[in-house]
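Examination of the molecular architecture
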Amino acid sequence: MDKPEGYSQARMISIVEKYSKTATTINKKRSQSNINKQTLIYVLSESFSDPTRVPHLKVSADPIPKIRKIKQETTSGKMLSSGYGGGTANMEYMVDTSLDLSFFSKTLTTPFTQLVPNQKKAYAITDLFKNKNAIHTNTGTFYRRVAVYKKFGFQTFRNTDSTGNQKLHYTKKIQKSDLIGDDESYNNVLWQLKHKQAGQFISLATMQNHLPYTNKYYHDAYKIHGKASKNTKKEITNYTQGIHLTDSSTRVFINQLDKIQRPITVLWYGDHLAGIYNGDSMARYNIPLHEPDYFIYSNSYARQHGYGQTKLRTNTKVAGSNTLSALVLAHMNQKVTPYYALITEVLEKLPAMATDSQNGDATLLVNQNNQQTHLNKLNAKQRQLYEDYKMVQYDLTAGKSYVSKTNFMTKIN
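Now for a description of the structure that goes with this document. Just so you know, these numbers come straight off a predicted model, no measurement behind them.

Our focus in this paragraph is empty space enclosed by the protein. Scanning all chains against the criterion turns up three cavities of 30 Å³ or more. Lining the largest cavity, in full, are Tyr93, Thr97, Leu99, Gln119, Lys121, Ala122, Tyr123, Phe152, Tyr339, Leu396 and Thr397. Looking at the lining of the largest cavity, the elements with two or more residues in it are helix H3 (88-97) and helix H11 (380-397). In the lining of the largest cavity, the residues fall into seven nonpolar, three polar and one charged.

Next up on the list: unusual backbone geometry. Residue Pro212 follows Leu211 across a cis peptide bond; omega there is 5°. Locating Pro212 in the fold gives a position in the loop between strand S6 (201-205) and strand S7 (224-226). Of note, the phi angle at Gln175 is positive, near 50°, even though the residue is not glycine. Turning to its location among the elements, Gln175 is positioned in the loop between strand S5 (156-158) and helix H6 (182-195). In this structure, Asn370 takes a positive phi of about 60° despite not being glycine.

To continue, consider the sheet that holds S6. If you trace the eight strands from one edge of the open sheet to the other, you get S5-S4-S6-S1-S8-S9-S3-S10, paired in mixed fashion. Looking at which strands have only one partner, the edges of the open sheet turn out to be S5 and strand S10 (318-320). Across the sheet, the mean angle separating the axes of adjacent strands is 20° when strand polarity is ignored. Here strand S4 (residues 132-136) pairs with S5 via three bridges, running parallel. Residue pairing for S5: Asn133 is matched across the bridge by Thr156.

Conventions used here
- Residues numbered from 1 in each chain as written.
- Predicted model: local features only at pLDDT ≥ 70, side-chain atom pairs only at ≥ 80, totals over all residues.
- Heavy atoms only, no water.
- 1 Å grid on protein atoms, 1.4 Å probe; cavity = no way out; pocket = protein on both sides within 12 Å on 5 of 7 lines; lining within 4 Å.
- Points joined across faces, edges and corners; volume = space filled by probe spheres on them.
- Helix = DSSP H or I, 4+ residues; strand = E, 2+ residues; numbered from the N terminus.
- Nonpolar A, V, L, I, M, F, W, Y, C, P; charged D, E, K, R; others polar.
- Pairing = 2+ DSSP bridges.
- Axes fitted to C-alpha atoms, helices over the stretch in contact; angles between N-to-C directions.

As structure tokens, this is what we get:
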């Protein structure tokens, strides 16, 4: 990452002081100070997105009515993704660290493999929790997740390679697929909740809806209409059947969480669209190419005891993956550190940010009218916030890490 102009210890200390004051202001309106009394679950739902939003296609029936209903009843929206048809680890990196891929050099294509294992300290949402456990229903070696999760402080990482006391407990493949179903992925989370009942952070990365999209299920119940080749329509049909199964298992999972008598909140998000919408040169639609779904849900106990809201009143219809953790903390009524005060400002005052994988990984900015905008349209205050954010990212990843020597990452005022 190139050094931002004006980077110095004095500048970083001024940023620490500025966002410490912002944190104090934010925290006056929030009730929860100890996040370790709660459990927070991040679910990365592989390749999940709503095919009914694809501009040039029509689906014969709604494949995700249950998730759609959950989204209507809780904090939700569209996540601006830096990937299309791939890039899972980059979305996970941005969600977990609240850093933005577009600030890095274009030669840094995958922070999980190129950056995190080599950092002395890699900061992430996990730092807020004493207990943290990861689950991935595939091999643990992809994207160097074993090394990355150690840097993030996970105490266990259950995957298809792990054994002994880190064994993955539920591994049944779904129907005719060679991939573990989302129902089994959720069962692994429920096992973790049962066997460690204290507050904790759980990260789940699923695999069910990963490509290929051919002959994975007993039958495909949906028909696709529109401008696409016969083979493309077959792929989309098979994919749509898969997300319909995810729809059902996700509703069952949420219902199970509602039966647990302790506060639990879930951030659930699709990492990117499946790379199957090529029949009508999707590049001309661009923004829809980068918008999978997300929701944040607090279980019944959390809502009844002030740990989570039913639906956060926010104008954030489109959120960058780098700002979702700030949105989660707001949904949980959780007080923030100065760092998450900065990310909350980025969430609320800047356009959603991503890299535009269709246009040479340029910076993609999308406003709350779901329209592309540009850096030169930011006002003076927005531009200062943007530069503060970039400066902090440089300091944490390529600079002298001045802010880590203060209370910027840790203190809740």
